[in-house]
Amino acid sequence: MKVITKIGRQKNNQERYNIYLNDEYAFAVDEGTLIKFGLMKGKTLEQFDIDEIAYEDEIAKAFNKALHFLSFQMRSEYEVKKKLLDAGHGEAVVLEAIRKLENLGFLNDATYSKALLETKKRTMKKGPRAIRQDLKKKGIDKSLQDEVLETFTHEEQLDIAMQLAEKEVRAGNRKTPTQVKQKIQDVLMRKGYSFSIV
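**Q** So what exactly am I meant to see when it comes to the environment of D159 here?
**A** Of note, D159 is situated in helix 8 (residues 154-171). Along the backbone, D159 and I197 are 38 residues apart, and their C-alpha atoms lie at a distance of 9.9 Å.

**Q** Looking at this structure, how should I read the nonpolar core?
**A** Within soluble globular proteins, side chains that are nonpolar generally end up buried alongside one another. Grouped together as the largest cluster of nonpolar side chains are 19 residues, with contacts concentrated most on L117, I131, L135, F152, L188 and Y193. Elements with a minimum of two residues in this core: helix 5 (109-123), helix 6 (128-137), helix 7 (142-149), helix 8 and helix 9 (177-190). In terms of residue count, the dominant contributor to this core is helix 8 (four residues). Here F152 is in contact with L117, K121, K126, G127, P128, I131, Q157, I160 and Y193, once residues within four sequence places are set aside.

**Q** What's the story with the pairing of strand 3 (residues 24-30) in this structure? I'm lost.
**A** The two faces of the sheet receive side chains in turn, since in a regular strand these alternate between them. The pairing of strand 2 (residues 16-21) with strand 3 spans six bridges and is antiparallel. In the sheet register, N18 faces strand 3, and the bridge partner there is A28. Where strand 2 hands over to strand 3, the hairpin turn is made up of two residues, of which N22 adopts a positive phi near 50°.

Parameters at a glance
Residues numbered from 1 in each chain as written. Predicted model: local features only at pLDDT ≥ 70, side-chain atom pairs only at ≥ 80, totals over all residues. Heavy atoms only, no water. Helix = DSSP H or I, 4+ residues; strand = E, 2+ residues; numbered from the N terminus. Core = buried A, V, L, I, M, F, W, Y, C linked by side-chain atoms within 4.5 Å. Buried < 20%, exposed > 50% of the residue type's maximum accessible area, 1.4 Å probe, protein only. Contact = heavy atoms within 4.5 Å. Pairing = 2+ DSSP bridges.

Below, the structure written as structure tokens:
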């Protein structure tokens with residue numbers, strides 16, 4: 001049995017605290033973990049308590065790292081999980097952090113997929129096949145890919161394909177009509193449009 005003899009705020013990170021047991025440094029914890037376990041001077045801890053506190057603090061670290069990662073742009077669950085695993089966090093810790101992120105609304109593959117579709121459609125003028133590839137790379141499951149891509153109507157695809165074709169016609173002033181037609185087909189296929197659109 002060990003007794004907390006001192007709790008000190010870290011100099012470099014004001015949200016973390018050093019915990020001293022029996023006058024020796026033992027471990028550091030996040031502010032939330034400190035409050036959750038009611039850590040204060042004079043409290044006695046068993047080894048089981050220390051292990052539980054360490055596990056909870058590891059989840060807090062993974063959660064904070066994921067929040068930082070998400071602060072730059074929206075991400076899929078797969079991307080966040082991969083980032084945390086690559087950072088050396090254990091599978092159980094990563095799953096707990098992801099569950100917490102989902103419960104708080106910071107991580108939602110359905111919302112992410114819809115946003116990705118709109119972005120690729122508007123800014124890169126990509127077709128359904130190319131967008132499906134992007135969704136697949138981001139770890140989005142097939143049923144969600146299908147659901148999101150159903151919202152990309154045939155009319156929208158035709159409209160975007162026409163914009164791309166018109167752009168190629170304007171750029172191909174020194175080409176024969178056959179060359180322009182071939183160039184349009186190549187661009188539309190590369191952008192992920194089906195033969196029916198091309």
